[in-house]
Amino acid sequence: RITRIAETLMLLTSLESRNAVENTDPVALDRITADATESLGVLAERRGLVFDYTGVEPVTILGDGVLIRQAALHLLQNAVEFSPPGGVISITTRSLDDVIEFEVRDHGPGIPAYAESKVCDRFFSLTRPHSGKKSSGLGLSLVSEIMTLHEGSVVVTSHPDGGALAKLVFPRVIAG
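Caption draft 1: Geometry of the overall build of the protein. In terms of helices and strands, the protein carries five helices and seven strands. Against the compact-globule benchmark of 16 Å for 176 residues, the protein has a radius of gyration of 15 Å, which places it among compact chains. Along the three orthogonal principal directions, the C-alpha set of the protein runs to about 40 × 35 × 30 Å. Within the span of the protein, comprising 176 residues, buried residues form 44% of the whole. Excluding contacts between residues fewer than 6 apart, the proportion of contacts in the protein whose partners are at least 24 apart in sequence is 72%. Working note: accessible area of the protein is about 8,900 Å², and carbon and sulfur atoms make up 52% of it. Averaged over its 16 positive side-chain charges, the protein has a centre that lies 9 Å from the centre of its 22 negative ones.

Take a look at the structure:
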């Protein structure tokens, strides 16, 4: 665990020193979604969770595919960790007029009001409901830095109908 935390912290520090994404290619968000959910398949299955892809459109953006996959993976992993057993995690990708969005919604406890402005802060973490443990608090900070490099943003809030809603918002550079 300490090795993983150190590696994440080194990557975060490396990204913070960059001004822009170094490698940009067309990145298919539906493919990123499939890869990330496949990586989490065993963990999700163990908890009886189902990924709902009904909102996934074939959308392509311009960016660093490795970093974008990592950002998507962090959002999905948080959804898995905060979802109640047997829950559904909804994934949506959509192309709007001026942005492209990748959205993950869980049906867990949501985010306490006091934490909404802090969830992307380095070392801030909430207790996972099923384990009672906290993470390193680096994941959403890393996601935020990845999105800054892509001239986008990450938004994490409680959903009005319960659970959490996490969204990666990319500027519209390439639409698919």
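Caption draft 2: Looking closely at the nonpolar core. L75, L76, F102 and L168 are the most contacted members of the largest nonpolar core, which has 40 residues in total. Taken together, the elements giving at least two residues each to this core come down to α2 (29-39), α4 (65-82), β4 (88-95), β5 (99-105), α5 (139-149), β6 (153-158) and β7 (164-171). With 10 residues, α4 is the largest single contributor of residues to this core. With near-sequence residues (within four places) excluded, L75 lies in contact with F102, V104, L140, V143, V154, A166, K167 and L168.

Caption draft 3: How the structure looks around the side chain of E103. You can see E103 is positioned in strand β5. Within the structure, E103 has its side chain in polar contact with the side chain of R94 (distance 2.6 Å).

Caption draft 4: Main features of α4. Counted at 1.5 Å a residue, the expected span for α4 with its 18 residues is 26 Å, and the 26 Å between its end C-alpha atoms agrees. Counting buried residues along α4, 13 of its 18 residues qualify, which places the element largely inside the surrounding structure. A distance of 3.0 Å separates the backbone nitrogen of V66 from a side-chain oxygen at the start of α4, and that oxygen is part of D64.

Caption draft 5: Up close: the packing of α4 against α5. Where α4 meets α5, the axes come as close as 9 Å, and the angle between the chain directions of the two elements is 145 degrees. Relative to α5, the crossing made by α4 is left-handed. Every residue of α5 that contacts α4 at L67, I68, Q70, A71, H74, L75 and N78 is listed here: G139, L140, L142, V143 and I146.

Caption draft 6: Molecular detail of the pattern of salt bridges. In this structure the tally under the stated criterion is five salt bridges. Put simply, R94 and E103 hold a salt bridge, and the shortest N to O gap is 2.6 Å. Salt bridges here are not isolated pairs; linked through shared partners, they connect R94, E101, E103 and K167.

Parameters at a glance
- Residues numbered from 1 in each chain as written.
- Predicted model: local features only at pLDDT ≥ 70, side-chain atom pairs only at ≥ 80, totals over all residues.
- Heavy atoms only, no water.
- Helix = DSSP H or I, 4+ residues; strand = E, 2+ residues; numbered from the N terminus.
- Rg over C-alpha atoms; globule rule 2.2 N^0.38 Å.
- Buried < 20%, exposed > 50% of the residue type's maximum accessible area, 1.4 Å probe, protein only.
- Contact = heavy atoms within 4.5 Å.
- Areas by Shrake-Rupley, 256 points an atom, 1.4 Å probe, with all protein chains shown as cover.
- Lys, Arg positive; Asp, Glu negative; His and termini not counted.
- Charge placed at Lys NZ, Arg CZ, Asp CG, Glu CD.
- Core = buried A, V, L, I, M, F, W, Y, C linked by side-chain atoms within 4.5 Å.
- Polar contact = N/O pair within 3.5 Å; in protein donor to acceptor, adjacent residues only side chain to side chain.
- Expected span 1.5 Å × (residues − 1).
- Axes fitted to C-alpha atoms, helices over the stretch in contact; angles between N-to-C directions.
- Left-handed = near helix turned anticlockwise from the far one by under 90°.
- Salt bridge = Lys/Arg side-chain N within 4 Å of Asp/Glu carboxyl O.

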